[in-house]
Amino acid sequence: MAHRNNGLHFFLSTLITLLSTGIGLSQEKSGLTLSSSSGMLGIDINPSSSILFQEDLQITAFNLHHFIETDYAHVSRTNLFDLIGNLGNIETIGDASEVNDASSTRQLVFDRDGGNKNIAIQGSMTWASILLKKDNRTQVGAYIKSRYAGSAFNLPEAIGYYEAAAINGGNEVSIPPFSASGLSWTELTGHYSYTYQQNSYESAAIGINAKLILPHEGARFSTENPVIYRRNGDSYEVDSLVISSGYNTYISNQPDIIRFNGIGIGGDIGITYYNDSYSYGVSLIDIGIAYVPGNAESYKIRSDTTVLFDATPITDPEDLIEIFTEIDNQIEPQISELVESGGSYSLSLPTAISMQYRQRLNNVFSLGAQWLQRLPLLPHTIKRPASLTISPLARIGDLELSLPLNLYNYESLRAGFSVKYRYLYFGSDHAASLVGRNQFSGSDIYLGLLWSPRPAKKKSLSECYRF
């Protein structure tokens, strides 16, 4: 029965964790990845784009990048930096009728607009990297990067915070199937790009990133059919419960340290064409899978009868341990069948297809565009947000500026910026989330330090290509 207890515990804890993570820290660093001097930063989107890089050698001292966005909840009248300093001064609004948009206080307000809910989170920290121009046609490189990513797209309206509370009096609701997944991992990556066509006017290159994936912690959860849900006061009923999941377990009385819990492989591949006026490219990124056998459980639970839960024995509604324990004790005997379980699970990486375009306007200005669309390859996958970006760029000596305009997930339009001076850069694809007093539903921030000890050697038009 331990598997059942763990499974039911994870079912509820995953939902609470995912649905309450409404605030936090681009999606693709588009202010930098469209620059021809992005080097190691650009190959995250298209590995063949390293051929556009001018310097002979680039070392990334560090690269920090965090992104989160949700329409499940927002905090009113705040920004990222204000929020970080005032986490204890947020009023949680428990009922839609209590929302006061004119209030001067910071309110945590859950979605009131109807429709399905989405949550997406990404982040990375590059620990060390090197990109080297081996010869006129070849670039090689390597990096170590820690990443995390999670997604829950199209969460049913019925599990919204206010909507779920309104289901009472025995009325019946059908909750469509949905899924959520997340993973943290470290990747060891080797990079190679080669210019297979080159003359005085144009060139074309192909590039690959080969990755060894070392998973840390993660989880996947999905329902496989519509669930019929009813509530009457403190009594809850569920029909047609079929859930599938995998997750990491924690060892009690052990220090909270980073663990390697499995292995995986991944990669990126892309091609780029460029001449003295413009360039374009297409790529597939984050193709791969992570297999997690260490400290892991996977399960599929089915109940052919109505599952009942009585919440009246719970004495402290804010004590999650008490709630989970009571749920396990009551629901465990009602589970019809634990149809499969094991000590491992797998997740595919946030695979996507991307296209890029850069147009040189003059010696200072250029214009870039980038399209990225998630491309789930397996049923259990981390889904990447889609985006469409247009970005003007300017380069004056050692100073580079860009102002990306991003259509996030084809729904939300936001403006960003990036500034790069010599080796230091800073930027965001969602600048409004960093300043002012706005409706805060997520943010985006990246910064880092690049070092190029050897200047570019200008030998030909193709090698001197720059925007």
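Calculation notes
- Residues numbered from 1 in each chain as written.
- Predicted model: local features only at pLDDT ≥ 70, side-chain atom pairs only at ≥ 80, totals over all residues.
- Heavy atoms only, no water.
- Pairing = 2+ DSSP bridges.
- Helix = DSSP H or I, 4+ residues; strand = E, 2+ residues; numbered from the N terminus.
- Axes fitted to C-alpha atoms, helices over the stretch in contact; angles between N-to-C directions.
- Salt bridge = Lys/Arg side-chain N within 4 Å of Asp/Glu carboxyl O.
- Buried < 20%, exposed > 50% of the residue type's maximum accessible area, 1.4 Å probe, protein only.
- pLDDT = per-residue confidence, 0-100.
- Contact = heavy atoms within 4.5 Å.

On to the sheet that holds strand β3 (residues 90–92), then. Pairing is mixed across the open sheet formed by four strands, whose spatial order is β3-β4-β2-β27. With one partner strand each, in any of the chains shown, β3 and β27 (438–440) form the two edges of the open sheet. Between one strand and the next, the sheet's axes are offset by a mean angle of 30 degrees, whatever the strand orientation. Here strand β2 (residues 73–78) pairs with β27 via two bridges, running antiparallel. Bridging from a neighbouring strand, V75 pairs with F440 of β27.

A few words now on the pattern of salt bridges. If charged atoms from side chains of opposite charge come close, those side chains can pair. What the rule picks out here adds up to 25 salt bridges. For R106, the salt bridge identified is with D82, shortest N-O distance 2.8 Å. Separated by 24 residues along the polypeptide, R106 in strand β4 (residues 106–110) and D82 in helix α3 (residues 80–84) bring together distant segments of the chain. Of the two residues, R106 and D82, both sit in the buried class. Beyond isolated ion pairs, a larger network of salt bridges with shared partners links R147, E187, K211, D268, D286 and R384.

Inspection of the secondary structure puts D328 in helix α5 (residues 320–331). The buried category is assigned to D328, whose relative accessible area is 10%. Separated by 19 residues in sequence, D328 and F309 have C-alpha atoms that sit 9.9 Å apart.

The buried count for strand β1 (residues 57–70) comes to 10 of 14 residues, which makes it a mostly enclosed element. Across 12 bridges, β1 lies against strand β5 (residues 117–133) in antiparallel orientation. By the bridge assignment for β5, N63 is matched with T126. When β1 meets strand β28 (residues 442–451), the two strands line up antiparallel, connected through 10 bridges.

So, about unusual backbone geometry. For residues other than glycine, phi is negative in most cases, and the peptide bonds are mostly trans. The backbone of R77 shows a phi angle near 50 degrees, a positive value even though the residue is not glycine. You can see R77 is positioned in strand β2. R77 gets classed as partly exposed once you look at its relative accessible area, which sits at 36%. Of note, the phi angle at D286 is positive, near 55 degrees, even though the residue is not glycine. Structurally, D286 can be placed in strand β14 (residues 278–292).

Summing up the model confidence of the protein chain, the mean pLDDT is 85 and the portion of residues at 70 or higher is 89%. Confidence drops under pLDDT 50 across residues 1–26; counting only partners more than four residues distant or on other chains, this segment forms 68 contacts. This stretch, residues 457–467, has a pLDDT under 50; its non-local contacts, to residues over four places away or in other chains, come to 36 contacts.

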